[in-house]
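# Remarks on the overall topology
The residues making up each chain are set out below.
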Amino acid sequence: MKQESAYFDPEYINSRHKIVKEYRELAEQKPPLPEKDWGVIWALTGPEETLDEKVYPHPGEEDKITDYNQTKRRFETALRVAREVAALRCNKEIAEVTPEDIEKQGPVVYWNGKAATNDYLKEFIKSGAFEKIYKFPGKNVRITNTRTIQHTGHQFEEFPQDLVPGGSKVVIVSDFYHLPRARRYLKKYADKFPPEKSVIY
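Reference entry: report on the structure contained in this document. The structure presented is a predicted model; accordingly, all values stated were derived computationally and were not measured. (Residues numbered from 1 in each chain as written. Predicted model: local features only at pLDDT ≥ 70, side-chain atom pairs only at ≥ 80, totals over all residues. Heavy atoms only, no water.)

This part takes up the overall build of the chain. Counting its secondary structure elements, the chain contains seven helices and five strands. Counting over 201 residues, the chain shows a buried share of 43%. Considering only intrachain contacts with a sequence separation of at least 6, the fraction spanning at least 24 residues in the chain is 69%. (Helix = DSSP H or I, 4+ residues; strand = E, 2+ residues; numbered from the N terminus. Buried < 20%, exposed > 50% of the residue type's maximum accessible area, 1.4 Å probe, protein only. Contact = heavy atoms within 4.5 Å.)

Structure, rendered in structure tokens:
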């Protein structure tokens, strides 16, 4: 007897419906506006090793590559959001915010990808090119020393709670397609990420 395709399996159909519902809910939400209490802006890394325009994927992640550098976009979004938070705290227009303002008043940008990506960003900042290109203080970028991270679950498991100042929130930055997964890990690690202290961006 021919086995029925899994596509018609009720559990499979229900799981697809659930995912579609998640995306619809996210699409209907307006992007959150920056707040002064955003203490850590956390960019979830993508499948790329570097921030170069030309995409260099991690070995084994070639099938996850799109027509743009996901890691670069997420990281640059995190830097922009951090600048916006600094502007609020300094009571300045975003264009008026200086690297010194960000260093004194801005939130931390956190980064915990695979070892090769972490090493790349450390060297980028150490070289001085990062601050020249992004006009952002390297001191405000914290990079994990953990070298065993392989996927999003590891990133959430590794996230250091003590990095978030008391009374502050952590903001998770990623691509739209990746946000449902991030939301599921927020629920899984709810002890580390209370809903009232966590923002999906």
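Here we come to the side chain of Asp101. Checked against the element boundaries, Asp101 lands in helix α3 (residues 99–105). When near neighbours in sequence (up to four residues on either side) are disregarded, Asp101 contacts Cys90, Lys92, Glu96 and Gly106.

Our focus in this paragraph is the packing of aromatic side chains. What characterises a pair of aromatic rings is the spacing of the ring centres plus the angle enclosed by the ring planes. All told, the structure shown has 18 aromatic pairs when counted by the stated rule. With a centroid separation of 6.3 Å and an interplanar angle of 85°, the aromatic rings of Trp38 and Tyr201 are classed as edge-to-face. You can see Trp38 sitting in strand β1 (residues 38–43) and its partner Tyr201 sitting in the segment after β5 (198–200), a full 163 residues away along the chain. The same class applies to Trp38 as to Tyr201, namely buried. (Phe/Tyr/Trp six-rings, centres within 6.5 Å; stacked < 30°, edge-to-face > 60°.)

What follows deals with the pattern of salt bridges. Pairing of side chains with opposite charge becomes possible as their charged atoms draw close. If you walk through the whole model with that rule in mind, you get eight salt bridges. Within this structure, Glu53, Lys72 and Glu76 form a network of salt bridges that share partners. (Salt bridge = Lys/Arg side-chain N within 4 Å of Asp/Glu carboxyl O.)

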